[in-house]
Amino acid sequence: MASPMKIRARMNGDAAQIRILAVHPMETGLRKDGAGKPIPAHYVQTLTVDVAGKRVARYEVGTSVSKNPLFGFRVRGVKAGDKVVASWVDNKGDTRTDEAVIE
Amino acid sequence: MRLALLISLAAVTAGAGTALAQQRNAQPYREHVPYIDWKPDVTGDIQHTGTYQYWKDRKALNPDWVASKEHQWQLNWKFMDPSYDDTLHGGHIARDRGAALYKKLDAGGAFAACLGARNGDLKGLRANHYPQYSTALGRVVGLEEMIEHCAARQNVTLENGSYDNSAISVYVTEFSNGMPINIDVSKGPLKDAFERGRERFHLRNGATHFACATCHVTLVGRSLRGQVLTTPYGDAAHWPTYRTKDELQSLHVRFAECNRNAGAQPLRPGSPVYSDIEVFLTALSNGYPVDVPSARD
């Protein structure tokens, strides 16, 4: 089972700063292991973020993104107490959804 | 003709070697020259680099300086500690991993007791009790060495310097967040370790013939390998740290990296020499609050 994302969402002025740290190997499929065998590709393809039930971000993620990637953005029109739901899907069909509340 | 060339080449290199050797002989090979009077307290930096005033309070760092390459070293990079910087990074992943491993190891409460926690309470353990003299091991040890030892008592291998070992160390250290480091190096085995560590810090060795102090005292404020050297005061308070090259490091692993970069033989994490240096550096953080999970370039 995939490890939980870490989500931090804080109001800063009239906008919320949202940060999402996903825990994922993000293998490109181009690397080889010690024995020379290719390591199969394994990477996040999309990440979506909803705040208070409304879609605020959708990321198209690929193999050029690092291991354990951090996503961050600011969003207006939200308030402290709103629920943030982040969800990713990877190329093996695995998914992970985590929640946090805007502070 | 070829042979002659080879011979003359050999002569040239041999000549260079002798010149180098002579230059080295001018200074004793492993000299020990203490550069300054070290005060076992973070305020000792006032007489050293004088930058302490700028990073004394992590929350009150000057944001213009944080953004300025020129001034960052004067802030001792404390803007990458969590009480200033609220971003997320691999240190937070490590902390969670440490928490899970700790919970498993401490299922019966023996792990916490072995580390020296009273009633399983980890608060202040890092700030007030490490490094310490361990009666079980008969020597001065840092927290990571103790984690290895206490895990081994349950037949779990958690090598000092490994990711999992440092992850547990971050977890345990976090309970001391905000508490000033407080180790007493005025007597007993810690005093001896402090003095050995101080001597080691000034001992030149390796291919470059550098001591730790060559870089960390003489060259403070100058740039080296793309980084500007900072004061060693207050450093021990944010370790283990997440290096942005994606590596969780304990203090000893950092020492090994510095040794390697300076062309000296790196030692094993947990080796007595590194523990002595850790005591020395931790004493230079006395009075400065612990803050993890931090990050560093």
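The structure presented is a predicted model; accordingly, all values stated were derived computationally and were not measured.

**Q** Residues and numbers for the overall build of chain B, please.
**A** Secondary structure assignment for chain B yields 13 helices and seven strands. Taken across its 297 residues, chain B has 50% of its residues classed as buried. Once local pairs closer than 6 in sequence are excluded, the contacts in chain B between residues at least 24 apart make up 68%. Accessible surface, chain B: about 14,100 Å² in total, of which carbon and sulfur atoms supply 54%.

**Q** Can you break down the interface of chain B and chain A residue by residue, with the values?
**A** Counting residues at the interface gives eight residues for chain B, matched by ten residues for chain A. In total, chain B and chain A occlude about 940 Å² of area from one another, counting both sides; carbon and sulfur atoms represent 55% of this. Summed over the three residues of chain B that lose the most area to chain A, namely Asp86(B), Leu88(B) and Ile93(B), the buried surface amounts to 66% of that side. Here chain B and chain A share four salt bridges between them. Close ionic contact of Asp96(B) with Lys6(A) constitutes a salt bridge, the shortest N to O distance being 2.7 Å. Summed over the shared surface of chain B and chain A, the result is seven residue pairs in polar contact (both at pLDDT 80 or more). When the residues that make up the side of chain B that touches chain A are grouped by side-chain class, the tally is two nonpolar, three polar and three charged.

**Q** A description of the side chain of His238(B) should follow, citing residues and the corresponding values.
**A** Residues and elements named next belong to chain B. Position of His238 among the secondary structure elements: in the loop between strand S4 (227-228) and strand S5 (241-243). A distance of 3.0 Å separates a polar atom in the side chain of His238 from a polar atom in the side chain of Trp239. Ignoring any residue separated from it by four or fewer positions in sequence, one finds His238 in contact with Lys78, Asp81, Asp291, Val292, Ser294 and Arg296.

**Q** Quick rundown of the packing of aromatic side chains? Include the residues and the values.
**A** Residues and elements named next belong to chain B. In the structure shown here, the tally under the stated rule is 15 aromatic pairs over all chains. Note on Trp38 and Phe280: the rings are 5.2 Å apart at their centroids and 85° apart in plane angle, and the pair reads as edge-to-face. Highlighted residues: Trp38 in the loop between helix H1 (2-26) and helix H2 (45-48) and Phe280 in helix H13 (residues 272-283), separated in sequence by 242 residues. With a centroid separation of 4.7 Å and an interplanar angle of 55°, the aromatic rings of Tyr54 and Trp65 are classed as tilted. Residue Tyr54 is located in helix H3 (residues 52-55), and its partner Trp65 is located in helix H4 (residues 63-66); the two are separated by eleven residues in the primary sequence. Relative accessible area serves as the criterion here: at 31%, Tyr54 is assigned to the partly exposed category. Sitting over the ring of Trp55, Lys78 keeps its end group 5.8 Å from the ring centre.

**Q** Explain the sheet that holds strand S5 (residues 70-76) of chain A to me, and be specific about the residues and the numbers.
**A** Residue and element names in this part refer to chain A. What the three strands build is an open sheet, ordered S1-S2-S5; its pairing is antiparallel. At either end of the open sheet lies a strand with only one pairing partner, and these are strand S1 (6-12) and S5. Here the average twist between neighbouring strands, direction ignored, is 15°. Across seven bridges, strand S2 (residues 15-21) lies against S5 in antiparallel orientation.

**Q** Outline helix H5 (residues 90-105) of chain B, supporting the account with residue identities and numerical values.
**A** With 16 residues, H5(B) should cover 22 Å at 1.5 Å per step; its first-to-last C-alpha distance of 22 Å lies within 8% of that length. Every buried residue of H5(B) is accounted for by Gly90(B), Gly91(B), His92(B), Ile93(B), Ala94(B), Gly98(B), Ala99(B), Leu101(B), Tyr102(B) and Leu105(B).

**Q** Talk me through the sheet that holds strand S3 (residues 44-51) of chain A; I want residue IDs and the actual numbers.
**A** For sheets, the rule is that strands pair by backbone hydrogen bonds, running either parallel or antiparallel. Residues and elements named next belong to chain A. The strand order across the open sheet built from four strands is S4-S3-S6-S7, with neighbouring strands paired in antiparallel fashion. Looking at the sheet topology across the chains shown, the edges are occupied by strand S4 (54-60) and strand S7 (95-101). The mean angle between the axes of side-by-side strands here comes to 15°, regardless of whether they run parallel or antiparallel.

**Q** Would you mind going over the side chain of Lys6(A) in detail, with residue names and values included?
**A** Within the secondary structure, Lys6(A) is located in strand S1. At 2.7 Å, the side chain of Lys6(A) and the side chain of Asp96(B) are in polar contact. Beyond its immediate stretch of four places on either side in the chain, Lys6(A) contacts Arg19(A), Ile20(A), Leu21(A), Leu88(B), His92(B), Ile93(B) and Asp96(B).

**Q** Account for the domain arrangement of chain B, with residues named and values stated.
**A** All names here are of chain B. Taken domain by domain, chain B comprises domain 1 (42-85 + 181-296) and domain 2 (90-174). Of the residues lining the interface, 24 residues belong to domain 1; the matching set on domain 2 comes to 27 residues. The largest per-residue losses of area from domain 1 upon contact with domain 2 belong to Pro240, Leu248 and Pro293, which jointly make up 27% of the total buried on that side. Seen at the junction of domain 1 and domain 2, the total is zero salt bridges. On inspection of domain 1 and its partner domain 2, the count reaches two residue pairs in polar contact (both at pLDDT 80 or more). Elements represented by at least two residues in the side of domain 1 that touches domain 2 include exactly helix H10 (188-201), strand S6 (247-249), helix H12 (251-261) and H13. Looking at the side of domain 1 that touches domain 2 element by element, the count peaks at four residues for H13. Each residue belonging to the side of domain 1 that touches domain 2 can be placed in one class, and the counts come to 16 nonpolar, seven polar and one charged.

**Q** Got a sec to walk through the pairing of S3(A)? Specific residues and values, please.
**A** A regular strand places its side chains on the two faces of the sheet in alternate fashion. Here S3(A) lies mainly inside the structure; seven of its eight residues are buried. Connecting the antiparallel pair S3(A) and S4(A) is a turn made up of two residues, with Ala52(A) showing a positive phi of about 50°.

Rules of the game
Residues numbered from 1 in each chain as written. Chains lettered and ligands numbered in written order. Predicted model: local features only at pLDDT ≥ 70, side-chain atom pairs only at ≥ 80, totals over all residues. Heavy atoms only, no water. Helix = DSSP H or I, 4+ residues; strand = E, 2+ residues; numbered from the N terminus. Buried < 20%, exposed > 50% of the residue type's maximum accessible area, 1.4 Å probe, protein only. Contact = heavy atoms within 4.5 Å. Areas by Shrake-Rupley, 256 points an atom, 1.4 Å probe, with all protein chains shown as cover. Buried area = accessible area lost by both parts, 1.4 Å probe. Salt bridge = Lys/Arg side-chain N within 4 Å of Asp/Glu carboxyl O. Polar contact = N/O pair within 3.5 Å; in protein donor to acceptor, adjacent residues only side chain to side chain. Nonpolar A, V, L, I, M, F, W, Y, C, P; charged D, E, K, R; others polar. Phe/Tyr/Trp six-rings, centres within 6.5 Å; stacked < 30°, edge-to-face > 60°. Lys NZ or Arg CZ within 6 Å of the ring centre and 35° of its normal. Pairing = 2+ DSSP bridges. Axes fitted to C-alpha atoms, helices over the stretch in contact; angles between N-to-C directions. Expected span 1.5 Å × (residues − 1). Domains from an automatic or database assignment.

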